[in-house]
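# Per-entry structural report
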Amino acid sequence: MAHDFFCIADNPHDYHSCFMDGLKKRNPGQPEFHQAVEEVSRTLLPFIFDNKKYLEHKVLERMVEPDRVISFRVCWEDDNGDIRVNRGFRVQFNNTIGPYKGGLRFHPSVNESILKFLGFEQIFKNSLTSLPIGGGKGGSNFNPRGKSDREVMRFCQAFMTELYRHVGPDTDVPAGDIGVGAREISYMFGQYKRIVNQFNGVLTGKGLEFGGSKIRTEATGYGLIYFAENVMNHKGDSVEGKRCLVSGAGNVAQYAAEKLIQKGAKVLTMSDSNGTIYFKDGMTVDQLAAVQQLKAQRKRLSELDDESMSYHAGTKPWDIEADLAFPCATQNEIDLENAEVLFKNGCIGVFEGANMPCKNDAIDYLHDNGVIFGPAKAANAGGVAISALEMSQNSLRMSWTREDVDEKLRSIMRDIHATCVTYGEQNGHINYLAGANIGGFVKVADAMIAYGTA
Ligand code: NDP
Ligand code: 2IT
């Protein structure tokens, strides 16, 4: 009976079919969640079959079922005095190795499927950091685009007025994601503090004046490039001189681009959901500063006034000839066709700054054609890792220097790379996806078994 998660099969392949069949039946209409579980389970099951205790304890079956999914009404008033109603969520997926930890996303596309895919992946990513954090994710279908600061403030306050009862520094510690940056975290932290009358580390990504960690803003983008550099070094190569495609123009994309430029790589593109900007000779530091200024004003890339670059409305970066690709915008932004074009144009590596930016058939194609694939769970773990260090600093009531935190980030990304190598070595080459999935799984799975069945 696939429905009850009771699969009997003597090989990983048949078990996987039964397992996915049951998952889809129990979670109808959640394609992103199915996709994330499909990617993890097909790489994990051969390992699980070699280590039967995980099979006997039904660890994977337990892991794909969130501890709880909280959904709530968020009611706020816009600048015209009209009442607006959105839906808020927090998916508390797994707290086996630490408090639930993961971002909040504000985007009109947010729904339970997207937050479950993100929360599920976060379990593995957070485990890979080696820090004591469980997996969670949340957000709302609220669209910050075009809203005034005061509308965003009222929305954030209304959102926290419900969320506060479900979170806490030892329970669940949210942070930013798409549409949630310093402004939104500040409004939410202010509201939490008002309600509970406590100053604690309930959120990360806070302002430096009130408990934030240095380097947290940069950490995901910087960490992505540190990870890519580790991978390239492992092959006796480096990112220096490489022509790079970056998608997105938000938090992750900006600091990935900055670190690439620092390392002597050529950043050819950035993008938003309307189009791509192309710097044929590589973006300069000044051009990046101009993009950052534009984005700080919440403007579109099409408004960039720079004759040395071209703007291509309605396109993604993936058709441009380059050595490395860094998707840093959103899920499913690289499909099979994009992967084929990347490979045919000579791309040798794809590193995921965004969560699940590559579709599963695109990943298969990249693997089959020897293109290095750096999966999100490993490659973009730098952000949540520094979030966990923000939690440590809050507990200690201390603040570490920029140099200290950056050195810790480099060392964490080095260790994540080493974990991927340990678990992903297959006939002399490294499958980073398998390495990240298995490396992230083992610690959580062993702890779940140690706790007994519940
Ligand atoms: P931001 O909101 O700062 O920026 C998002 C960028 O991606 C914008 O340029 C946005 O363009 C673009 N984008 C968003 N949705 C879409 C879409 N549906 N189609 C095309 N472009 C889109 O978010 P972040 O930079 O924080 O997040 C980017 C990715 O990185 C996400 O996948 C997130 O989950 C992941 N991530 C973020 C971390 C963090 O610390 N912030 C940590 C680890 C992963 P537009 O303005 O046009 O919408
Ligand atoms: O996807 C992610 O890892 C994040 N959005 C960051 C989560 C966090 O808690 O810092």
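See the structure shown above.
Calculation criteria
- Residues numbered from 1 in each chain as written.
- Chains lettered and ligands numbered in written order.
- Predicted model: local features only at pLDDT ≥ 70, side-chain atom pairs only at ≥ 80, totals over all residues.
- Heavy atoms only, no water.
- Phe/Tyr/Trp six-rings, centres within 6.5 Å; stacked < 30°, edge-to-face > 60°.
- Helix = DSSP H or I, 4+ residues; strand = E, 2+ residues; numbered from the N terminus.
- Buried < 20%, exposed > 50% of the residue type's maximum accessible area, 1.4 Å probe, protein only.
- Lys NZ or Arg CZ within 6 Å of the ring centre and 35° of its normal.
- Near = heavy atom within 4 Å.
- Polar contact = N/O pair within 3.5 Å; in protein donor to acceptor, adjacent residues only side chain to side chain.
- Areas by Shrake-Rupley, 256 points an atom, 1.4 Å probe, with all protein chains shown as cover.
- Nonpolar A, V, L, I, M, F, W, Y, C, P; charged D, E, K, R; others polar.
- Pairing = 2+ DSSP bridges.
- Core = buried A, V, L, I, M, F, W, Y, C linked by side-chain atoms within 4.5 Å.
- Contact = heavy atoms within 4.5 Å.

Within this structure, the stated rule accounts for 23 aromatic pairs. With 6.0 Å between their ring centres and 80° between their planes, phenylalanine 227 and tyrosine 432 make a pair best called edge-to-face. With phenylalanine 227 in helix 8 (residues 216-234) and tyrosine 432 in helix 16 (residues 432-451), the pair connects residues that are 205 residues apart, well separated along the chain. You can call phenylalanine 227 buried: its relative accessible area is 0%. For the cation-ring pair, lysine 58 lies above phenylalanine 6, with the distance from its terminal atom to the ring centre recorded as 5.0 Å.

Moving on: the site of ligand 1. Around ligand 1 sit 25 residues, and of these Asp177, Thr220, Ser273, Arg300 and Asn355 come closest. Between an oxygen atom of ligand 1 and a side-chain N or O atom of arginine 216, the distance comes to 2.9 Å. One of the backbone N or O atoms of asparagine 251 is found 2.9 Å from an oxygen atom in ligand 1. When ligand 1 is considered free in solution it has 890 Å² of accessible area, and contact with the protein chains removes 82% of it. Within the residue set of the shell around ligand 1, elements represented by two or more residues are helix 8, helix 9 (251-262) and strand 7 (266-272). Here the shell around ligand 1 is built from residues that sort into six nonpolar, 12 polar and seven charged.

Here we take up the pairing of strand 1 (residues 68-77). Of the pairings in the sheet, the one linking strand 1 to strand 2 (residues 83-94) comprises 10 bridges and is antiparallel in character. For isoleucine 70, the partnering residue across the bridge sits in strand 2 and is arginine 90. Where strand 1 folds back onto strand 2 in an antiparallel hairpin, the turn is made up of five residues, including glycine 81, whose phi is positive at roughly 85°.

As a further point, take the nonpolar core. Judged by nonpolar contacts, the single largest core of 62 residues is most densely connected at Phe227, Met270, Phe326, Phe351 and Ile416. Top element by residues in this core is helix 8. It accounts for nine residues. Beyond its immediate sequence surroundings of up to four residues, phenylalanine 326 is in contact with Leu224, Ile225, Ala228, Cys244, Leu245, Val246, Ser247, Leu260, Trp318 and Phe351. If you look at the next biggest cluster of nonpolar residues, it comprises 42 residues, including Phe33, Leu45, Ile123 and Met356.

What follows covers the side chain of glutamine 35. With respect to the helices and strands, the residue glutamine 35 is situated in helix 2 (residues 31-50). Not counting residues up to four positions away in its chain, the partners in contact with glutamine 35 are Asn332, Met356, Cys358, Lys359 and Asn360.

Near ligand 2 lie 14 residues; those nearest to it are Lys101, Gln122, Lys125, Lys137 and Ser387. With the chains in place, 94% of the 300 Å² that ligand 2 exposes on its own is no longer accessible. Mapped by element, the contributors of at least two residues to the shell around ligand 2 are strand 3 (100-106), helix 5 (112-128) and helix 14 (382-396). Among the residues making up the shell around ligand 2, the classes are represented as two nonpolar, seven polar and five charged.

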